[in-house]
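Next come the chains, spelled out residue by residue.
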Amino acid sequence: TALITLILCLSLGLTVVSRNITSTFFSRCEKFNEYDCKKVWDAFQQAYVNKDPCKVPVEAYDPLIAAAPFKPQCNRMMFWSKTKDVVHGFTEKRDCFVTLEDTLLGSVLDGLTWCGKEGSKDTNTTGCPGWSDCENNTVRSFWIRASAAFADVACGNVTAMLNGSINTPFNPTSIFASVEVPRFIASRVKNLNVVMVIQKNNISNCTDPSLKNLRQSIDTGITFSCKDVSESRIQECGSKPEIACGACW
Ligand code: N1C
């Protein structure tokens, strides 16, 4: 009985440590019918379990991406940088665009923190390295890998929402600039349409010099456009289904 108690306590301990992320992962995953969530969870865990949380390279997530590949959704794909709340406030209400967070992998891991530890089978959700604490950290490597795979399937008209309330709306250090834009290829992507989100105290717009860098860094053959759109217009379109997706801005 001592052994059984010990085993029970150990598994209970393990459950307490990782219960939240496990249950969040599965309950979010089960909303998507066409995937085997246990398979996806196992592929997820092999990326970081029993590893130093600062030594998880981007490639560690390759098997996870292979277990839940992204499907191209031409003309509906939405990218963003520093506009997460506006974008999701809109996409939650209207079925006009698909963001990474609308896909299985993006949705199950959105907003979560996780990491493993050398010599342990546990998944921790506290005490993990922050986004910039070390280069190859568990969470950052995931978002880089997932963003790359999502951008790889981009096709047709691609939309990106950038933030007009910051100094450099197209920031070279962002995932959008460093991972996604370089993967848009002219044979798949026709146009890159930037929606610059303008708030009351905006300090930049489509004329910002950083947008020139964006225009110059996209693959030749992809046409570029940028439109300043007020945040209130985006919200209005979100709440009025009678406005067609294509007429929002
Ligand atoms: O660095 P960013 O913006 O340019 O990254 C956003 C860009 C989007 O187009 C997404 O496709 O990269 C993808 N992406 C996510 O979908 C995502 N969901 C949650 C990148 N990061 C994502 N996160 C978290 O947001 C991530 O943990 C990190 O902290 C931010 C990066 O967002 P950003 O700097 O606004």
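As shown above, the structure is provided for reference.
## A short note on the state of the cysteines
Within this structure, the stated rule accounts for 7 disulfides. Two residues share a disulfide in this structure: Cys115 and Cys128, whose sulfurs sit 2.2 Å from each other. Taking the torsion about the sulfur-sulfur bond, which here is approximately -85 degrees, the covalent link between Cys115 and Cys128 counts as left-handed. Placement of Cys115 in the loop between helix 5 (104-109) and helix 6 (138-152) and of Cys128 in the loop between helix 5 and helix 6 is noted, with a sequence separation of 13 residues between them. Accessibility classification places Cys115 together with Cys128 in one group, the buried group. Here Cys206 connects covalently by a disulfide to Cys226, the sulfurs 2.0 Å from one another. For the disulfide bridge between Cys206 and Cys226, the dihedral angle about the S-S bond is near -80 degrees, and by the sign convention the bridge is left-handed. Here Cys226 lies in strand 4 (residues 223-230) and Cys206 lies in the loop between strand 3 (189-198) and helix 8 (209-217), a separation of 20 residues in the sequence. For Cys206, a relative accessible area of 19% gives the class buried.

Criteria and cut-off values
- Residues numbered from 1 in each chain as written.
- Predicted model: local features only at pLDDT ≥ 70, side-chain atom pairs only at ≥ 80, totals over all residues.
- Heavy atoms only, no water.
- Disulfide = S-S within 2.5 Å.
- Helix = DSSP H or I, 4+ residues; strand = E, 2+ residues; numbered from the N terminus.
- Buried < 20%, exposed > 50% of the residue type's maximum accessible area, 1.4 Å probe, protein only.

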